[in-house]
Protein chains: 2
Amino acid sequence: MELHLVVDPGQADLVGQLCRQIRGLIRGGHLAAGERLPPTRLLAAQLGLSRKTVAEAYARLAYERLLEGRPGSGTFVARAAPPPAEPRPSLASESGADARIARWRALTLPLRHPAPQGGARYEYIGGAPEPRLFPHEAWRRCMQHGLRQDAARSRGQYGPAEGLPELREAIARHLAFARGVRAEASEVLVTNGAQQALDLLARVLVEPGCTVAVEEPGYLQARLLLQAQGARVVGVPVDAEGLIVERIPAEARLIYVTPAHQFPLGMPMSPARRRALLAHAQRHGAILVEDDYDSEFRYEGRPTDSLQGLDEQGRVAFVGSFSKTLSPSLRLGYLVAPRPLIEAVANAKHLADWHSPLPAQWALARFIAEGELRKHIGRCHQAYARRRALLLEQLAGPLAPWFEAVPIEAGFHMAALACRPLDMAALLSLARRVEVGLYPLDVFYAEGAPRQGLVLGFGAIEALDIPPSLERVREVLLQLDG
Amino acid sequence: MELHLVVDPGQADLVGQLCRQIRGLIRGGHLAAGERLPPTRLLAAQLGLSRKTVAEAYARLAYERLLEGRPGSGTFVARAAPPPAEPRPSLASESGADARIARWRALTLPLRHPAPQGGARYEYIGGAPEPRLFPHEAWRRCMQHGLRQDAARSRGQYGPAEGLPELREAIARHLAFARGVRAEASEVLVTNGAQQALDLLARVLVEPGCTVAVEEPGYLQARLLLQAQGARVVGVPVDAEGLIVERIPAEARLIYVTPAHQFPLGMPMSPARRRALLAHAQRHGAILVEDDYDSEFRYEGRPTDSLQGLDEQGRVAFVGSFSKTLSPSLRLGYLVAPRPLIEAVANAKHLADWHSPLPAQWALARFIAEGELRKHIGRCHQAYARRRALLLEQLAGPLAPWFEAVPIEAGFHMAALACRPLDMAALLSLARRVEVGLYPLDVFYAEGAPRQGLVLGFGAIEALDIPPSLERVREVLLQLDG
């Protein structure tokens, strides 16, 4: 049995975090009465926690009569789990709201708190850009400008749901240059990160029961989001060229893809597949959601432009963010789509949160217009290219007996597939003991991974640290082999 | 026939704005084939536009064959409106997505762009705090701190969906002090304004077909939002004491109320009604959403604490924002609710946009902790109290033959009910000609207003300007009488 638990070691109350999640799993029916929990030692190793923490969480849940220990055989979900005891009475039990609340609580979100603070000394966590590269001075200056502009222009009023015209224009220009996107400012909508762009699209386009296709493996938040909107989500396998277009169900009205840098495997979608995908969408009347996740920092060969730029039929909704180029903490992203869809999504945005904060919009418009974004991407590119080269070197050299790299063109993480069967749980746990934070690939498969592997993020590890840390990993692998 | 159109004179392309909205109304079925449009002169006066702008919009729509002009009798919706002609092909026509997109586009959102820039010299627009009072220097200083903290603490990572612990703590303390709210930091969730708090609650609690109750008249965005989630929304009338509790349908599982300052009428909910409402919720297993909209700046009498503070059963979800105390452009708000609901909503927030931007969260935490918020509210209070007194004076004096004020305890708008039949459209249009921006009450009734009136916002008008501008209104009223 696999428990999807995520504990953030940077947050206080590890025991509480763990209890909350296990409670959620039990209440949500993901852990059935009588089911056995992993031994404390194993779960502790998986989560990078002390065994004492896990034991304490089990004890607390046993006290709440949700779990029961059976000496000699382990810890089990209690046969008749009592109703939850909360500090205050819970909400509206008769009205069915309780069931809905329980369902939402039980949702196990991957990467809910991915913060590696307090994590290992050498961190291969993905998704996080290098904080040391953040252009503090330029951003501070642009934010000052943003605050002044907001004061002078907003005059205490709400802003446009679509975003400030100045920022929409700046994004359209940047994407034309950097990603071959063909769009006018009126086809751009400013969002709180790519996540909100996906959410608003789902809200407008998905109706309960309709079929949508996602990549397998893929971005779990997109899958969960679409499911939460009531969609029937079908995982379509990917191969070395990306999504296998002929495996897309004909009835899928929405197809979610990551052509620039497949998440999590990293390879770009081949030109032939891109053409086939556009033709499929045209034939079946489907909308393609192109998540341009991690497309910056291209390393070699002719850059692959966006699917959106190839699209002659207006079938692509293009989604991206500044989380990878700047920082996820700013929550700035965009949707590019044909005008009718932008207008519909703008209404959904208005109901969802009215508009994105204006001072940061003014700041980003200036940051782009002044060329700071391009300069910043250039600087990051240099740093990441060096790290990528070192990683490839290690994978092709000392780690070659165990892993092979999936080729990437862009971004700051790559996948390494195992060349032979590995005890992955033991590898992760032993690596963490020698201060190396590794992350498995299989969590990104909704339907079981055909092959084991690692996702190696290189946004949070310095180039200098790559060879010595992977040497430690090699020692662990040798130890496991022996 | 009443056209709900809002044009923002501060935005470019007035003709385009107008066309888009009229198109939406026709496609959404709000304007039926053959229906007559208002004469250009009248619509222009209502919207504060030139007649030429309206005529041009009508001409453009006639060219698109959505409207037709009949010489001598006016402009009408075309008998057989053709399908929309878009610059690029529209999305996914076969899959039903088009219908969904059209529905979302056709949504007519009140206050979509309420910006009064370029509006009248004397503006009684509601919802906007006084921009001149915004504490620029203190906020700039806190934002600097926020940027530094974010750099030092986030380290390129995502933050917690619930918000920063420091801000949740600061909000809990502020609300305990200012609103009698009883909550711990763990019962607070940071949102992008109150609108997002409502949206996340609806997402978690509303399932298609369930009944929810809202106030009539009331906040139209809440109504639309709940409808968009598939709820059957029932308007419950209010009287001088607030929501008439016995008129709430027994099956309503969610009840949305504005007890501090009824929107839009302004009076607080009486203590008896508050008790009755809590008892109703308890008896019927309903959840109360308390929108604490515009509750600051209390003027007289013993302050009325929140419904949340009275609630012993954990049935209240309390929603508020800093849009009125600070500025709507910052998009900062909160939800206070029992922990199980907070945990469920945090998952919804994670899928919606992961978390709110961190630099502004750090800034606000400090702004509150340093006492700046309290000082700022004190300063605004003085200014608004003076404006309110002048408004009441005018309504009780020179305007008494036409209007009576609805008493308010807090906030910065009030309603004035007409004491006799008035040609409201003529009043608004003539007032605008003498540079006074007035706003009618009836747009906040979903089922027809029993009585005419005005909503007088005093966030955007200086005390000195109140007597002369209302003198102009009196002259217009005399002219209409004569």
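Bear in mind the structure is a predicted one, so any value in this text is a computation, not a measurement.

### Regarding the overall build of chain A
The number of helices and strands found in chain A is 15 helices and 16 strands. Relative to the globule expectation of 23 Å for 482 residues, the C-alpha radius of gyration of chain A, 23 Å, shows essentially globular dimensions. Seen along its three principal axes, the alpha-carbon backbone of chain A occupies a region of about 65 × 60 × 50 Å. Across the 482 residues that make up chain A, the buried fraction comes to 62%. When contacts within chain A are restricted to residue pairs at least 6 apart in sequence, those whose partners lie at least 24 apart make up 73%.

### Re the sheet that holds strand β16 (residues 453–457) of chain A
Consider a sheet: its strands pair through backbone hydrogen bonds, and that pairing is either parallel or antiparallel. Residue and element names in this part refer to chain A. A sheet is described by the order of its strands in space; here four strands give the open sequence β12-β13-β16-β15, paired in antiparallel fashion. Because the sheet does not close on itself, it has two edges, and the strands there are β12 (403–405) and β15 (439–440). The pairing of strand β13 (residues 413–418) with β16 spans five bridges and is antiparallel. Within β16, the position partnered with Ala415 by the bridge is Val455.

### So, the pattern of salt bridges
Residues and elements named next belong to chain A. Tallying each qualifying case throughout the model produces 56 salt bridges over all chains. The partner of Glu130 in a salt bridge is Arg132, and the shortest N-O contact between them spans 3.1 Å. One salt bridge in this structure joins Arg182 and Glu312, with 3.6 Å as the shortest N-O distance. Within this pair, whereas Arg182 is found in the loop between α6 (165–179) and β4 (188–191), its partner Glu312 is found in the loop between α10 (307–310) and β10 (316–321), the two being separated by 130 residues in sequence. The class of Arg182 is partly exposed, set by a relative accessible area of 36%. What makes Glu312 exposed here is its relative accessible area of 53%. A network of salt bridges, in which partner residues are shared, links Arg141, Arg366, Glu370, Glu372 and Lys375.

### Some words on the sheet that holds strand β11 (residues 333–336) of chain A
Residues and elements named next belong to chain A. Strand order in the open sheet formed by eight strands is β4-β11-β10-β9-β8-β5-β6-β7, and the pairing between neighbours is mixed. The sheet is open, and its two edges are formed by β4 and β7 (242–243), each paired on a single side. As judged from the four bridges shared by strand β8 (residues 254–257) and strand β9 (residues 287–291), these two strands associate in the parallel manner. In the sheet register, Ile255 faces β9, and the bridge partner there is Leu288. Along the sheet, α6 makes contact with β4, β10 and β11, crossing β4 at roughly 105°.

### Focus: the interface of chain B and chain A
Of the residues lining the interface, 105 residues belong to chain B; the matching set on chain A comes to 106 residues. For the pair chain B and chain A, the summed buried area comes to about 8900 Å², and 56% of that belongs to carbon and sulfur atoms. Across the chain B-chain A interface, the total number found is six salt bridges. Between Arg105 of chain B and Glu343 of chain A there is a salt bridge whose closest N-O contact spans 2.8 Å. On inspection of chain B and its partner chain A, the count reaches 34 residue pairs in polar contact (both at pLDDT 80 or more). If you list the elements that add at least two residues to the side of chain B that touches chain A, you get α4 (97–106), α5 (136–153), α7 (193–205), α8 (220–228), α9 (271–284), α11 (339–353) and α12 (358–369) of chain B. Per element, the largest residue contribution to the side of chain B that touches chain A is twelve residues, and it comes from α11 of chain B. Here the residues of the side of chain B that touches chain A sort into 48 nonpolar, 30 polar and 27 charged.

### Section: the nonpolar core
Here is a general trend for soluble globular proteins: nonpolar side chains tend to be buried in one another's company. Ranked by internal contacts, the top residues of the largest apolar core, which has 138 residues, are Ile255, Leu277 and Leu335 of chain A together with Ile255, Leu277 and Leu335 of chain B. What Leu277 of chain B contacts, discounting residues up to four positions off in sequence, is Leu243, Val245, Ile248, Ile255, Val257, Met269, Leu288 and Leu307 of chain B. Among the nonpolar cores identified, the runner-up in size contains 134 residues, and Ala363 and Trp402 of chain A together with Leu147 and Val190 of chain B belong to it.

### Quick word on the relation of the copies chain B and chain A
Mapping chain B onto chain A leaves a residual RMSD of 0.4 Å; the transformation is a rotation of 180° accompanied by 0.1 Å of translation along its axis. Accordingly, the operation relating the two chain copies is best matched by a two-fold axis. When you check the interface residues of chain B against chain A, 98% turn up at the interface there too, and the contact is symmetric in its surfaces.

### Some details on unusual backbone geometry
All names here are of chain A. Residue Pro217 is reached from Glu216 by a cis peptide bond, and omega for that bond is 5°. Residue position: Pro217 is located in the loop between β5 (211–216) and α8 (220–228). Positioned with a positive phi, Trp354 is a non-glycine residue whose angle comes to about 75°. By secondary structure assignment, the location of Trp354 is in the loop between α11 (339–353) and α12 (358–369).

### Some points on the environment of Gln17 of chain B
Residue and element names in this part refer to chain B. Here Gln17 lies in helix α1 (residues 14–27). The buried category is assigned to Gln17, whose relative accessible area is 5%. Counting along the chain gives twelve residues from Gln17 to Leu5, while the straight-line C-alpha distance between them is 9.4 Å.

### A word on the domain arrangement of chain A
Segmentation of chain A into domains returns domain 1 (14–77), domain 2 (122–131 + 375–481) and domain 3 (134–371). Summarising the inter-unit geometry, the C-alpha centres of domain 1 of chain A and domain 2 of chain A are found 30 Å apart.

### Comments concerning the pairing of β10 of chain A
All names here are of chain A. With six of its six residues buried, β10 lies for the most part within the structure. Here β10 shows two buried faces, one formed by Val316, Phe318 and Gly320 and the other by Ala317, Val319 and Ser321. Relative to β11, β10 is paired through four bridges, and the arrangement is antiparallel. Bridge pairing in β11 places Ser321 opposite Gly333.

### Concerning the side chain of Asp199 of chain B
Tracing the sequence through the fold places Asp199 of chain B in helix α7. Look at Asp199 of chain B and you get buried, because its relative accessible area is 2%.

### A word on the packing of helix α7 (residues 193–205) of chain A against α8 of chain A
Residues and elements named next belong to chain A. Here α7 crosses α8 at 25°, and the two axes come no closer than 10 Å. Put simply, α7 runs roughly parallel to α8. Of the two elements, α7 crosses α8, and the hand of that crossing is right-handed. Contact residues: α7 offers Gln195, Leu198, Asp199 and Ala202, while α8 offers Gln221, Ala222, Leu225 and Leu226. Its residues placed into classes, the contact of α7 with α8 shows five nonpolar, two polar and one charged.

### A few points about α11 of chain A
Count 3.6 residues to each turn of an α-helix, and residues three or four apart come out pointing the same way. Residue and element names in this part refer to chain A. Over its 15 residues, α11 runs 20 Å from end to end, which matches the ideal 21 Å to within 8%, given 1.5 Å per residue. Here α11 lies mainly inside the structure; 14 of its 15 residues are buried. Downstream of α11 by a residue or two, Trp354 has a phi angle that is positive, lying close to 75°.

### Here we look at the packing of α7 of chain B against α11 of chain B
Residues and elements named next belong to chain B. Contact geometry of α7 with α11 gives a least axis separation of 9 Å together with a crossing angle of 105°. With respect to each other, α7 and α11 are oriented roughly perpendicular. Together, Gln196, Leu200, Leu201, Arg203, Val204 and Leu205 of α7 and Leu341, Ala344, Val345, Ala348, Lys349, Ala352 and Asp353 of α11 make up the contact between the two elements. Considered class by class, the residues forming the contact of α7 with α11 number nine nonpolar, one polar and three charged.

### Points about the environment of Leu18 of chain A
Residue and element names in this part refer to chain A. Mapped onto the elements of the fold, Leu18 is located in helix α1 (residues 14–27). Between the alpha carbons of Leu18 and Val336 there is a distance of 39 Å; along the sequence they are 318 residues apart. In this structure Leu18 touches Leu5, Val7, Leu47, Leu49, Thr53, Val54 and Ala57, once residues within four positions along its chain are discounted.

### So, the pairing of strand β13 (residues 413–418) of chain B
Residues and elements named next belong to chain B. By the criterion of burial, β13 is predominantly enclosed, with six of the six residues buried. Every second residue of β13 is oriented toward a common face, with His413, Ala415 and Leu417 on one face and Met414, Ala416 and Ala418 on the other, all of them buried. As paired elements, strand β12 (residues 403–405) and β13 share three bridges and run antiparallel to each other. Paired with Ala405 across the bridge in β13 is Ala416.

Each value, and the rule that gives it
Residues numbered from 1 in each chain as written. Chains lettered and ligands numbered in written order. Predicted model: local features only at pLDDT ≥ 70, side-chain atom pairs only at ≥ 80, totals over all residues. Heavy atoms only, no water. Helix = DSSP H or I, 4+ residues; strand = E, 2+ residues; numbered from the N terminus. Rg over C-alpha atoms; globule rule 2.2 N^0.38 Å. Buried < 20%, exposed > 50% of the residue type's maximum accessible area, 1.4 Å probe, protein only. Contact = heavy atoms within 4.5 Å. Pairing = 2+ DSSP bridges. Salt bridge = Lys/Arg side-chain N within 4 Å of Asp/Glu carboxyl O. Axes fitted to C-alpha atoms, helices over the stretch in contact; angles between N-to-C directions. Buried area = accessible area lost by both parts, 1.4 Å probe. Polar contact = N/O pair within 3.5 Å; in protein donor to acceptor, adjacent residues only side chain to side chain. Nonpolar A, V, L, I, M, F, W, Y, C, P; charged D, E, K, R; others polar. Core = buried A, V, L, I, M, F, W, Y, C linked by side-chain atoms within 4.5 Å. Least-squares fit on C-alpha atoms with pLDDT ≥ 70 in both. Domains from an automatic or database assignment. Parallel < 35°, antiparallel > 145°, perpendicular 65-115°, else oblique. Left-handed = near helix turned anticlockwise from the far one by under 90°. Expected span 1.5 Å × (residues − 1).

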